[in-house]
Amino acid sequence: MPPTPREFCQEQLLMLGDEELVPTAQAATLEILHSTVMKDPDGPTFEARLRVLASASAADGKALGAASQVAQVLLDAWTQAQAEDEGG
């Protein structure tokens, strides 16, 4: 069974301690992960939210640009986790 968005974000938060991120990226990552854990959305809602965030760019502001890059990485990891479950 694939991880729920909540489980996925909790795993990502644990791994975040090992990463050296620039402060804006770290803040964006924590915001996305913590808000997901608190709201506990279903998979499609979580994925849609990441897609919206990932569509932003640096032109939208430095913090939003960082959030966009983080969301894209999380979206890739999320879809990979879903695919691994379906394939295995």
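This text goes with the structure placed above it.
My aim in this report is to walk through the structure given alongside it, one point at a time. Just so we're clear, the structure is a prediction, and the values are computed from it rather than from any experiment.

## Side note on the side chain of T29
Secondary-structure assignment places T29 in helix α2 (residues 23-39). Within the local environment of T29, its side chain forms a polar contact with the backbone oxygen of A25, the two atoms lying 2.7 Å apart. Discounting residues that sit within four places of it in the chain, T29 has contacts with L16, L21 and V70.

## Some words on the environment of E86
Following the sequence through the fold, E86 ends up in helix α4 (residues 62-87). Considered as a pair, E86 and V37 are 49 residues apart in the sequence and their alpha carbons are 23 Å apart.

## Focus on the packing of helix α1 (residues 5-16) against α2
Contact geometry for α1 and α2: axes closest at 8 Å, N-to-C directions at 145°. Relative to α2, α1 is oriented so that their crossing is left-handed. In this structure, α1 contributes P5, R6, C9, Q10, Q12, L13 and L16 to the contact, and α2 contributes T29, L30, L33, H34, T36 and V37. Among the residues making up the contact of α1 with α2, the classes are represented as 7 nonpolar, 5 polar and 1 charged.

Parameters and conventions
- Residue indices follow the written sequence of each chain, beginning from 1 at its first position.
- This being a predicted model, a pLDDT of at least 70 is required before a residue's local features are given, and a value of 80 or more before pairs of side-chain atoms are given or counted; all residues contribute to the totals for chains, interfaces and linings.
- The basis for every side-chain value is the complete set of non-hydrogen atoms in the structure, without hydrogens or water.
- For helices the rule is a DSSP run of H or I covering at least 4 residues; for strands it is a run of E covering at least 2, with both sets numbered from the N terminus onward.
- The term polar contact refers here to a pair of N or O atoms within 3.5 Å; inside protein, the definition further demands a hydrogen-donor-capable atom paired with an acceptor-capable atom, and it admits residues adjacent in sequence only when both atoms are side-chain atoms.
- The contact definition used throughout considers only heavy atoms, calling two residues in contact when any of these lie within 4.5 Å.
- Think of each axis as a best-fit line through the C-alpha atoms, taken over the contacting stretch in the case of a helix, with angles from 0 to 180 degrees between the N-to-C directions.
- Crossings are classed by handedness, with left-handed meaning an anticlockwise turn of the near helix from the far one by less than a right angle and right-handed meaning a clockwise turn.
- Think of it as three bins: nonpolar holds Ala, Val, Leu, Ile, Met, Phe, Trp, Tyr, Cys and Pro, charged holds Asp, Glu, Lys and Arg, and polar takes everything else, Gly as well.

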